[in-house]
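# Structural overview for review
Read off the chains here:
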Amino acid sequence: MEWSSRRSIFRMNGDKFRKFIKAPPRNYSMIVMFTALQPQRQCSVCRQANEEYQILANSWRYSSAFCNKLFFSMVDYDEGSDVFQQLNMNSAPTFMHFPPKGRPKRADTFDLQRIGFAAEQLAKWIADRTDVHIRVFRPPNYSGTIALALLVSLVGGLLYLRRNNLEFIYNKTGWAMVSLCIVFAMTSGQMWNHIRGPPYAHKNPHNGQVSYIHGSSQAQFVAESHIILVLNAAITMGMVLLNEAATSKGDVGKRRIICLVGLGLVVFFFSFLLSIFRSKYHGYPYSFLIK
C-alpha cells in the first residue's frame, strides 16, 4: 500500500487490515470506519456517515498540516466480514482509532449514538485521541442560498400581486401560526439535529428492528424530533379547542363536542409524550428525600 499517494481513504479487506493495522511495529495512528455500503445492506445511515467521513479525510489529506502521523481507512462488511467477526462488531457504521502502540481503549471507539457523525464532531474526537487537529473544509453548498432566493422571490411576488390589499400582513392568526411552527421546530430538537447530525433512525443488524426513539436522554434520532413535533402540535390543537369551547358563545351542544375533542387530544397525546419521556429518563418519576 502506497501511503504517500493522494488517496484520502484506504479501503481494506481482512488481509490488509491485519498487515497495516494489527501487525506491529507501526508509527502512525489509523482511523477506521467499519461500514456496510453495498445496496443490498440497505444501510442509509452508512451512506450518510460515509459522506461526512469523506469530507473529514479530504480536509486532512489536502491540508498544509498533513503528515504521516495519521491515516484514514475503511472496512466494508462485504469486503472484510472476518474483521467484523474478529472485533466482535455487530453494528455499522462504527468509527475506531487504532493508536501506534498498544490496543485500542474504550475511548478509541467513537460514540456515534450520542454525538452523531458530523465531520466536525469526528475531528474533535480525533484531536482528543491523537493531538492531530483537523480543520474541516466543506465543499460549497448553494442549496441554502438558492432556497432563500426562491423564498424571497415568492414573498416579493406575492406582495407585488396584492400590493393594493395588504391587510393580510396584519392578520394575527397567520402570524400566530408562523410563530407556532417555529416554536414546534425548536422545542422538538431540530437545531440539535442540525448541529450534531444524528442518524434518522437505528436499525438493529440482528433482527432488523428499527428504533425511532433513542434510549438515552443524551441523544435523539431525527425521526424522534419529528414525532415530538407532531405530539406538541396535537397537544396545542387540543388546548386551542378547549379555549374555543370556553370562550365562544355558540350552541351549547357544539361547544360540548369541541370541549370533549380538545380534552381527548390533550390527554391522549400528552400521555404519549410522557411515555416517551419515561423511556428516555429511566429514573422518572423522580423521588426526593426531604430531611
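Conventions adopted
Residues numbered from 1 in each chain as written. Predicted model: local features only at pLDDT ≥ 70, side-chain atom pairs only at ≥ 80, totals over all residues. Heavy atoms only, no water. Core = buried A, V, L, I, M, F, W, Y, C linked by side-chain atoms within 4.5 Å. Buried < 20%, exposed > 50% of the residue type's maximum accessible area, 1.4 Å probe, protein only. Helix = DSSP H or I, 4+ residues; strand = E, 2+ residues; numbered from the N terminus. UniProt positions renumbered as here; feature names shortened; annotations may be inferred. Expected span 1.5 Å × (residues − 1). Contact = heavy atoms within 4.5 Å. Pairing = 2+ DSSP bridges. Axes fitted to C-alpha atoms, helices over the stretch in contact; angles between N-to-C directions. Parallel < 35°, antiparallel > 145°, perpendicular 65-115°, else oblique. Left-handed = near helix turned anticlockwise from the far one by under 90°. Nonpolar A, V, L, I, M, F, W, Y, C, P; charged D, E, K, R; others polar.

### Focus: the nonpolar core
Core analysis: the biggest nonpolar cluster contains 26 residues, and Tyr53, Leu56, Leu70, Phe72, Phe95, Ile126 and Ile134 have the highest contact counts within it. For this core, the secondary structure elements donating two or more residues are β2 (29-35), α2 (44-61), β3 (70-76), α4 (112-115) and α5 (119-130). At seven residues, α2 tops the list of elements feeding residues into this core. Grouped together as the second largest cluster of nonpolar side chains are 16 residues, Ile21, Phe84, Met89 and Met96 included.

### Concerning the UniProt feature "transmembrane region" (unreviewed entry) in the protein chain
The sites that UniProt annotates as "transmembrane region" (unreviewed entry) are residues 142-161, 173-192, 226-245 and 257-277. Along residues 226-245 one finds 100% helix and 0% strand; the C-alpha atoms at either end are 29 Å apart.

### Examining α5
For α5, spanning twelve residues, the distance from its first C-alpha to its last is 16 Å, which sits close to the expected 16 Å at 1.5 Å a residue. Ala119, Gln121, Leu122, Ala123, Trp125, Ile126, Ala127 and Thr130 are the residues of α5 that are buried. Lining the buried residues of α5 we find β2, α2, β3, β4 (94-98), α4 and α8 (190-196). Two residues or fewer past α5, Asp131 is found with a positive phi of approximately 65 degrees.

### Considering the sheet that holds β3
Here we have four strands laid out as an open sheet, ordered β1-β3-β2-β4, and mixed in their pairing. Edge positions in the open sheet fall to β1 (9-11) and β4, since each of these has one partner strand only. Averaged over all pairs of adjacent strands, the angle between strand axes in this sheet comes to 25 degrees, irrespective of strand direction. Two strands pair when backbone bridges link them, and β2 and β4 are joined in this way by five bridges, in the antiparallel orientation. Counted as the bridge partner of Met33 is Phe95 from β4. Together, β1, β2, β3 and β4 form the strand contacts of α2, whose direction differs from that of β3 by roughly 160 degrees. Each of β2, β3 and β4 touches α5; the most contacted strand, β4, lies at about 25 degrees to it.

### A few points about the packing of helix α9 (residues 222-247) against helix α10 (residues 252-280)
Between α9 and α10, the shortest axis-to-axis distance is 8 Å and the interhelical angle comes to 150 degrees. Put simply, α9 runs roughly antiparallel to α10. α10 is crossed by α9, and the crossing has left-handed handedness. Residue composition of the contact of α9 with α10, by class: 22 nonpolar, three polar and three charged.

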